[in-house]
2 protein chains.
Amino acid sequence: MSKITITDIANKLNLSTSTVSRALSDHPEVSVRTREIVRKTARELKYRPNIIAQSLQRGQSNIIGVLVPQVRHVFFAEIMAGISDVMEKARYNILICQSNENYENEVRNVETLIQQRIAGLMVSISERTKHFDHFLQVLDNKIPLVFFDRICSVIPASSVSTNDYQAAFDLVQFLVEKGYRRIAHLAGFSNLQIAQQRFLGYKAALEYNKVPFDPELVVENGLNEEDGKVGFLTLYKRCKVKPDAIFAVTDPVAFGAFQEIKKTGLKIPDDIALAGFSNNPTGAMIEPSLTTVNQSAYDIGKVAAELLLDSIKNNKQTIIHKIIPTELIKRQST
Amino acid sequence: MSKITITDIANKLNLSTSTVSRALSDHPEVSVRTREIVRKTARELKYRPNIIAQSLQRGQSNIIGVLVPQVRHVFFAEIMAGISDVMEKARYNILICQSNENYENEVRNVETLIQQRIAGLMVSISERTKHFDHFLQVLDNKIPLVFFDRICSVIPASSVSTNDYQAAFDLVQFLVEKGYRRIAHLAGFSNLQIAQQRFLGYKAALEYNKVPFDPELVVENGLNEEDGKVGFLTLYKRCKVKPDAIFAVTDPVAFGAFQEIKKTGLKIPDDIALAGFSNNPTGAMIEPSLTTVNQSAYDIGKVAAELLLDSIKNNKQTIIHKIIPTELIKRQST
DNA sequence: ACAGTTTTCGGGAACGTTTGCGATGTATAA
DNA sequence: TTATACATCGCAAACGTTCCCGAAAACTGT
């Protein structure tokens, strides 16, 4: 290991490590001439600051943790892109962890992130998380925390999300106006705030339009493509009077339903309409193209990252809840 | 900051830090009784090992760097899932960086990863990378390195890739057998090995079948959706005799072309056939569904991660090049 | 000339671990 | 009894920084 340290530079120049350290960080208390010499030999020796040592001394790393259910999901990948762009500029690095929609994984990941002495944490909770004590640990350790999308209202922390209730309401309102009456809902588990809000928005829109709410038309399941497949099948099997439209809690769920609908031989939107949530790019390419709600995933990540940076720098406890505006995207599937 | 350290435990129990440290790592030189007491009070005090201090002492962190062009691309997101699953089990954390298809970003990211004293590095190079000195720096610092997918044959390091030449050959062979004769190729930049190999496979398949190679039918461009759009348009504009099939270097490029083809009013596959590369899930949902080559992105990540772990643990210099098998997926678009 | 100020630098502790080596105590064997 | 072995633990250095504080050197004004 030919690792060059600050001491090597100091020895070569007959200086102390203090001076070299200061010179490298442009401290005014060291003469301009020395600063230049130090920087020059640092380059020559290919010196690289040891970030680990710096972090230990500072008591905190320059790494922020990002905890998501699954990176492979376009929605979270987009969010990560937003986070990454912001953090890159701020000279922070990103440690990425997946819960894989599993509570135990989530808890374990939080634990190791705390051990890494991360400068901040951003998380979107798993589908199955019902207890939140692990996030209290984060706060106990004075680590700035912000939730995004799948937020958690029990923990006092900032968050970035969308107005799921309103967006779902508007979408269902649109379906009703289009003439659909038996509108089914492939819902998520109700412990997830976003799932619950979308369900409530759905229900409220029905009531607002005096369309009777039929519990038979609601299937509670996961948020992913596979859940959409089984969701549609159980829904279609158990309904004597078939639904004429489906509002899926997420686009992946809609895609799952989409494929099963086609297998069944039904035509979209003539036999049954379909709508999703989050504007996955695939939705624009399928036929018929998918009606959905645009969430601007990239922006969610960007804003959440900026929020985190704020609370890291200003060291403020202020809790801020930001709402990213949504947009109803009307396409051929309805 | 109520940070509990090993010293706090030592003080409380009237032990030395050495003993506590050894007790926590189950060292046999400390009595079973002491080990238990130490572990008990560690729990009580909510002690968390400071990974930064451990890393400094060890001279290396437990973090591995992953450098990809863009996380938001499904292909890389899948790979990351594979990497993540393997590394999680091995108790390594993942620091993720994006080059955004930009050479300068790539160089800068490599530099900061070295400064982080990462335990290993996995990279898929950017579209525009033509010089590779920054990877020599990685090797100079004795950091195990493995390339995946967009590999780099100039640097002596392990790699995981697919047989792009053969897969492209087989795909074009299939197109020829289907009766297509004016087969165009939306190619990638030739500095990328995967792009070059796919092009060469394409060309070889034509020659093998005595189909004349027409340079006019090849457009060299990027690897993303936008590139597919402009690629198709320039291709279609400049050809007097229109192509009857298109082989796109990646699925995103195929999707870009797909959309423009539909805008033009052409029918796939009757007016023009279309094929991609990498089996993006979207390809199965569009209509007509996309003929492509399955690359098993998840496996690429998995195998690459295992390769890296090997060279970290065994500290061996052996360079291994692994090839992940591909599979031709014949669908409606051809 | 001197005292006072400013500029420039070094000594050394601290961050939280790990680990080689020595010290102590106890048990075993002759 | 003494010598030897083993079990258990502590001391202190080391990892590479940063930064407080003090010291030396240079400069200022009278």
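Everything below is about the structure printed above this text.
The paragraphs below set out a description of the structure included in this document. Here the structure is a predicted model, which means the values were calculated and not measured. (Residues numbered from 1 in each chain as written. Chains lettered and ligands numbered in written order. Predicted model: local features only at pLDDT ≥ 70, side-chain atom pairs only at ≥ 80, totals over all residues. Heavy atoms only, no water.)

Brief notes about the pairing of strand S1 (residues 63-68) of chain A
Residue and element names in this part refer to chain A. Burial of S1 is extensive: six of the six residues sit out of reach of the surface. Of the two faces of S1, both are covered, the one formed by Ile-63, Gly-65 and Leu-67 as well as the one formed by Ile-64, Val-66 and Val-68. Sheet topology places S1 next to strand S2 (residues 93-98); six bridges connect them, and they run parallel. Along S2, the bridge assignment pairs Val-66 with Ile-96. Since S1 and S2 lie parallel, the crossover through helix H5 (residues 74-89) that links them has a hand, and here it is right-handed. Bridge count between S1 and strand S3 (residues 120-123): four bridges; the pairing is parallel. Paired with Val-66 across the strands is Met-122, a residue of S3. (Buried < 20%, exposed > 50% of the residue type's maximum accessible area, 1.4 Å probe, protein only. Helix = DSSP H or I, 4+ residues; strand = E, 2+ residues; numbered from the N terminus. Pairing = 2+ DSSP bridges. Right-handed = clockwise from strand over helix to strand, strands pointing away.)

A short note on the protein's contact with DNA strand D
Near DNA strand D you find 24 residues, and of these Ile-6 and Ser-21 of chain A together with Ser-18, Thr-19 and Arg-22 of chain B are the closest. For DNA strand D, the backbone portion of the atoms within 4 Å of the protein, that is sugar and phosphate, comes to 59%. Between DNA strand D and Asn-14 of chain B, the relevant distance is 3.4 Å, taken from a phosphate oxygen to a main-chain nitrogen or oxygen of the residue. Only helix H2 (17-24) and helix H4 (51-58) of chain A together with helix H2 (17-24) and helix H4 (51-58) of chain B provide two or more residues apiece to the surface near DNA strand D. Across the surface near DNA strand D, the residue classes break down as seven nonpolar, 13 polar and four charged. (Near = heavy atom within 4 Å. Polar contact = N/O pair within 3.5 Å; in protein donor to acceptor, adjacent residues only side chain to side chain. Nonpolar A, V, L, I, M, F, W, Y, C, P; charged D, E, K, R; others polar.)

Side note on the environment of Glu-36 of chain A
Residues and elements named next belong to chain A. As for its position among the elements, Glu-36 is in helix H3 (residues 32-44). The class of Glu-36 is partly exposed, set by a relative accessible area of 47%. Between the C-alpha atom of Glu-36 and that of Phe-169, which follows or precedes it by 133 residues, the distance is 64 Å.

Looking at the pattern of salt bridges
The full count for this structure, using the stated rule, is 30 salt bridges over all chains. Measuring nitrogen to oxygen at the nearest pair gives 3.5 Å for the salt bridge that ties Glu-260 of chain A to Lys-263 of chain A. On the criterion of helical spacing, the pair formed by Glu-260 of chain A and Lys-263 of chain A is a turn pair, its members being three residues apart in helix H11 (residues 251-264). For Glu-260 of chain A, a relative accessible area of 9% translates into the label buried. Between Glu-216 of chain B and Arg-182 of chain B there is a salt bridge, and its shortest N-O distance comes to 3.8 Å. Here Glu-216 of chain B, found in the loop between helix H9 (193-208) and strand S7 (218-221), pairs with Arg-182 of chain B, found in the loop between helix H8 (164-177) and strand S6 (183-188); they are 34 residues apart in sequence, far enough to count as distant. Glu-216 of chain B sits in the partly exposed class, given a relative accessible area of 22%. (Salt bridge = Lys/Arg side-chain N within 4 Å of Asp/Glu carboxyl O.)

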